[in-house]
Amino acid sequence: MKFYHASPARLAPGDVLRPGKRGYVCLGTSPAQARYWANVLKECRGASGEWYIYEVDVPDDHIVEDCRGHYHFEWPGKKIPARDVLPHRDFDGEINVYEPVAIVRRLISGATS
């Protein structure tokens, strides 16, 4: 299943995203949702510089947390297999994975420049 990750880091295919201090990696269901998150995170962190959008491939049977229309910190999402995630219509929301996932490719360079 393809998902998308926003990051200020320059990553290459095969690089691995590992859960951070919160214990998970945040993903979006579309490049547009990831671009939205890149802009939100850049603004709220007061960061300068470019952010990038990366495509990641999560195995279909991998259990993910689908936070549809809300965020994990508000309340936990539904834990389901990645193959059962439907595209988010509202950019507010996230897909969280609790195990490392590999970058497939950089989709958008300079998403917020």
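Keep in mind it's a predicted model, so treat the numbers as computed, not measured.

What counts and what doesn't
- Residues numbered from 1 in each chain as written.
- Predicted model: local features only at pLDDT ≥ 70, side-chain atom pairs only at ≥ 80, totals over all residues.
- Heavy atoms only, no water.
- Core = buried A, V, L, I, M, F, W, Y, C linked by side-chain atoms within 4.5 Å.
- Buried < 20%, exposed > 50% of the residue type's maximum accessible area, 1.4 Å probe, protein only.
- Helix = DSSP H or I, 4+ residues; strand = E, 2+ residues; numbered from the N terminus.
- Contact = heavy atoms within 4.5 Å.
- Pairing = 2+ DSSP bridges.
- Axes fitted to C-alpha atoms, helices over the stretch in contact; angles between N-to-C directions.

Q: So what exactly am I meant to see when it comes to the nonpolar core here?
A: One recurring pattern in soluble globular proteins is that nonpolar side chains are buried together. Counting residues in hydrophobic clusters, the biggest one holds 16 residues, and the most contacted among them are F3, L27, V56, V58, V64 and V97. Of all the secondary structure elements, the ones that give two or more residues to this core are β3 (25–27), β4 (52–57), β7 (93–97) and β8 (101–108). At three residues, the largest contribution of residues to this core is made by β4. In contact with V97, not counting residues within four places along its chain, are P19, G23, Y24, V25, L27, V58, H62 and V64. Ranked by size, the runner-up nonpolar core spans six residues in total, among them Y4, A6, A34 and I53.

Q: Help me understand the sheet that holds β7 in this model?
A: Across a sheet, paired strands are connected by hydrogen bonds in the backbone, their directions being either parallel or antiparallel. Sheet architecture is open: four strands sit in the order β3-β7-β5-β6, paired in antiparallel fashion. Sheet topology places β3 and β6 (78–81) at the edges, where each strand pairs with a single neighbour. Adjacent strand axes in the sheet meet at a mean angle of 35°, parallel and antiparallel pairs treated alike. Two elements, β3 and β7, share three bridges in a ladder whose sense is antiparallel.

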